[in-house]
Amino acid sequence: MNVPTNEAALLTSAVENVFRRLIRLLVGKISLVKLQEIIRYVYVEEAEKCLKRENPGKNVPMTKMALVTGLDTRTLIQVRKRLESGEQRYKQQLLADLTPESAIVEAWATRIENSPNKKSQRVLDYGSYDSEFEKLVRSTISTRGITTQSIIQRLVNTRSIEQYKEKRELKLIVDQYSPYLSDDEPNIINAAFSAISNLISTIEHNLSSDHSEKFFQRQSWTFRLNPNDSSAFRKSMRSLLEKYENQARNKIAPWENKEYSKDLRTAGIGFYYFEE
């Protein structure tokens, strides 16, 4: 289907606007070659899924794939072979997989909540296979490719725990993991992309849903803010968002299962302030 010229121009401009901001975060952290590789494999995989939905039960002709992706058939065959081989590639992951420390804090906080001796459960020993923290980590996430020390460091960086090296003890000082408290740039960027992904998922759902099934999606802003008022405006909006965040946590709490499980669904709402 040909896109009208004005619509194509609008789409191109919007995509460039989003990509430009994403790329600013990625420069120096991931190469253009690697980014192109990610986009190529994901685009081909998603394009094939889309065409299969249009013609259930039928194989997708290579000519259609070439038309949709703009790639020649030789390149498509190479990409498909790699996708079909099961080699490591770029897939969506659960939030707990993207930020395993989030799952650990949640499991730890749940353990404290369910314990008759809450104070003792807030402090765990670490440093050996049988230590309480190591057992908590193994029972909560897949530790493949992840070291306990790296998790501890990330939790320290995000001010989620206090580490007492002499006693080899860790103390949980938050009830909810927040990478935004981190001075560690990778954690901040990881959190940013997780938030962007959540927003895109909402948009994707709303585009294909009936009006009654659409998720809530709104923004409120002004085009007439005096730059001299920016500082006071930011403080006012922060105060408002913090109030809504606390209210949201209280509303979410009754819906949470007591035990953590990968079978459970991640759902929630987001809060952020923006300026252009």
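How each quantity is defined
Residues numbered from 1 in each chain as written. Predicted model: local features only at pLDDT ≥ 70, side-chain atom pairs only at ≥ 80, totals over all residues. Heavy atoms only, no water. Helix = DSSP H or I, 4+ residues; strand = E, 2+ residues; numbered from the N terminus. Buried < 20%, exposed > 50% of the residue type's maximum accessible area, 1.4 Å probe, protein only. Contact = heavy atoms within 4.5 Å. Areas by Shrake-Rupley, 256 points an atom, 1.4 Å probe, with all protein chains shown as cover. Patch = residues over 30% accessible without salt bridge, like charges linked within 9 Å, V, L, I, M, F, W, Y side chains within 5 Å. Salt bridge = Lys/Arg side-chain N within 4 Å of Asp/Glu carboxyl O. Phe/Tyr/Trp six-rings, centres within 6.5 Å; stacked < 30°, edge-to-face > 60°. Lys NZ or Arg CZ within 6 Å of the ring centre and 35° of its normal. Expected span 1.5 Å × (residues − 1). Polar contact = N/O pair within 3.5 Å; in protein donor to acceptor, adjacent residues only side chain to side chain. Pairing = 2+ DSSP bridges.

A. Layout of the overall build of the protein. Secondary structure assignment for the protein yields eleven helices and three strands. Of all 276 residues assigned to the protein, the portion counted as buried reaches 24%. Relative to all contacts within the protein whose residues are 6 or more apart in sequence, the contacts with residues 24 or more apart total 53%. Accessible surface computed for the protein: about 21000 Å², of which carbon and sulfur atoms make up 52%.

B. Spatial organisation of a nonpolar patch on the surface. Together, Leu-11, Val-15, Val-18, Phe-19, Ile-23, Val-27, Ile-39, Tyr-43, Leu-67 and Val-68 line one region of the surface with nonpolar side chains, adding up to about 940 Å² of accessible area. Every element with two or more residues in the nonpolar patch is listed here: helix H1 (5-26), helix H2 (32-54) and helix H3 (62-69). Sorting elements by how many residues they give to the nonpolar patch places H1 first, with five residues. Residue Val-15 is classed as partly exposed on the basis of its relative accessible area, which comes to 36%.

C. The packing of aromatic side chains, seen in detail. The full count for this structure, using the stated rule, is four aromatic pairs. Ring geometry for Trp-108 against Phe-133: centres 5.8 Å apart, planes inclined by 55°, an arrangement best described as tilted. Of the two residues, Trp-108 is situated in helix H6 (residues 100-113) and Phe-133 in helix H8 (residues 132-140); the sequence distance between them amounts to 25 residues. Of the two residues, Trp-108 and Phe-133, neither departs from the other in class, the shared state being buried. Judged by centre distance (6.0 Å) and plane angle (75°), the ring pair of Trp-221 and Phe-223 falls under edge-to-face. The cationic tip of Arg-82 hangs over the ring face of Tyr-41; the distance from NZ or CZ to the ring centre is 4.6 Å. The ring of Tyr-129 carries Arg-138 above its face, with NZ or CZ at 3.7 Å from the centroid.

D. Quick look at H2. For H2, which comprises 23 residues, the first-to-last C-alpha distance of 32 Å matches the rise-based estimate of 33 Å (1.5 Å per residue) to within 8%. Leu-35, Tyr-41, Val-44, Glu-45, Ala-47, Glu-48 and Leu-51 are the residues of H2 that are buried.

E. Spotlight on the side chain of Gln-121. Topologically, Gln-121 is positioned in helix H7 (residues 118-121). Looking at Gln-121, its side chain comes within polar contact range of the side chain of Arg-111, at 2.6 Å.

F. Spotlight on H6. A rise of 1.5 Å per residue sets the reference length of H6, with its 14 residues, at 20 Å; its end C-alpha atoms lie 20 Å apart and thus fit the reference within 8%. Of the positions making up H6, those classed as buried are Pro-100, Glu-101, Ser-102, Ala-103, Ile-104, Val-105, Ala-107, Trp-108, Ala-109, Thr-110 and Ile-112.

G. Structural detail: the pattern of salt bridges. Using the criterion set out here, one finds eleven salt bridges in the structure. For the salt bridge of Glu-16 with Arg-20, the shortest nitrogen-to-oxygen distance reads 2.7 Å. Of the two residues, Glu-16 and Arg-20 are both situated in helix H1; the distance of four residues between them amounts to about one turn of the helix. On the basis of relative accessibility, which here comes to 42%, the residue Glu-16 falls in the partly exposed class. Assessed through its relative accessible area of 44%, Arg-20 is described here as partly exposed.

H. Spatial organisation of the pairing of strand E3 (residues 169-172). Only one face of E3 is covered, namely the one carrying Leu-170 and Leu-172; the face carrying Glu-169 and Lys-171 has none of its residues buried. Across three bridges, strand E1 (residues 123-125) lies against E3 in antiparallel orientation. Across the sheet, residue Asp-125 finds its bridge partner in E3, namely Glu-169. As paired elements, strand E2 (residues 161-164) and E3 share four bridges and run antiparallel to each other. Its bridge partner lying in E3, Gln-163 is registered against Leu-170.

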